[in-house]
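Next come the chains, spelled out residue by residue.
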Amino acid sequence: MRKSDIYEFAIKILGLYLVVSVIEHLREVISYATVLIQYHDKPEQFDGFNQIPLLIVTLFNFLLLATFAWLLIFKTRKLTSLICTKEDYSETTKLFADKKSIIEIAIIVVGLMTVIWTIPEFAIKLKNYVYMAQNSFTAPMNDKTFLFIGGLKIVVGIIAISYAKSISSYVSKEKKKNDENGDE
């Protein structure tokens, strides 16, 4: 295994971790979009404060993070070529596992982190939501949004854990002709 392969692993792992952050930022986009809808219905509640710039900044941040995650996951070879020297492509190192196995381990770790970090807050928000529903209170929109995003994060984490082998096969597969040229 070449030293450049280790750089590729690290870049892909960072990209997979950023997917979790992208999901978290989706919650903010949904929250600001909801506020913007409420602003158009009842602008007097916001004392004339324009919510559009906040939505634009949040949406831009979300799209930038999603693009960066996509680049790290799917354009790894090009990024590696920017980082590595010529020696990194020829210098070999020995690891305990092959490329696919390392990526599979990373996917499982990211999936576990996502589920473990999300479950406590999800459980609290779900408990509050059920309590408010039972007592005929209206749940705040951010609680509903968090339940949706938290549930989505848990599902993504479980999918990552369950299908780590398939995902790692897809992410680590070698491209045929383009790989030899360094392109993706």
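Structural data are supplied above this passage.
This one's a predicted model, so the numbers in the text were calculated from it and none came from an experiment. (Residues numbered from 1 in each chain as written. Predicted model: local features only at pLDDT ≥ 70, side-chain atom pairs only at ≥ 80, totals over all residues. Heavy atoms only, no water.)

Caption draft 1: How the structure looks around the packing of helix α1 (residues 3-41) against helix α3 (residues 76-83). Put simply, α1 and α3 touch, their axes get as near as 9 Å, and they point 125° apart. When the axes of α1 and α3 are compared, the pair comes out oblique. Viewed along their axes, α1 and α3 form a crossing whose handedness is right-handed. Of the residues in α3, those touching α1 at S4, Y7, E8, I11 and K12 are T76, R77, L79, T80 and I83. The residue makeup of the contact of α1 with α3, split by class, is four nonpolar, three polar and three charged. (Axes fitted to C-alpha atoms, helices over the stretch in contact; angles between N-to-C directions. Helix = DSSP H or I, 4+ residues; strand = E, 2+ residues; numbered from the N terminus. Parallel < 35°, antiparallel > 145°, perpendicular 65-115°, else oblique. Left-handed = near helix turned anticlockwise from the far one by under 90°. Contact = heavy atoms within 4.5 Å. Nonpolar A, V, L, I, M, F, W, Y, C, P; charged D, E, K, R; others polar.)

Caption draft 2: Expanded view of the environment of K165. Structurally, the position occupied by K165 is in helix α7 (residues 164-172). For the pair formed by K165 and I105, sequence separation is 60 residues and the distance between their alpha carbons is 8.9 Å.

Caption draft 3: Summary view of the pattern of salt bridges. If you walk through the whole model with that rule in mind, you get three salt bridges. As a salt-bridge pair, E8 and R77 come within 3.0 Å of each other at their nearest N and O atoms. Taken as a pair, E8 in helix α1 and R77 in helix α3 lie far apart in primary sequence, 69 residues in all. Considered together, E8 and R77 belong to a single accessibility category, that of buried residues. With a shortest N-O distance of 2.3 Å, R27 and E24 are connected by a salt bridge. Separated by three residues within a single helix, R27 and E24 lie in helix α1, roughly one turn from each other. (Salt bridge = Lys/Arg side-chain N within 4 Å of Asp/Glu carboxyl O. Buried < 20%, exposed > 50% of the residue type's maximum accessible area, 1.4 Å probe, protein only.)

Coordinates in, geometry out; function isn't part of it.
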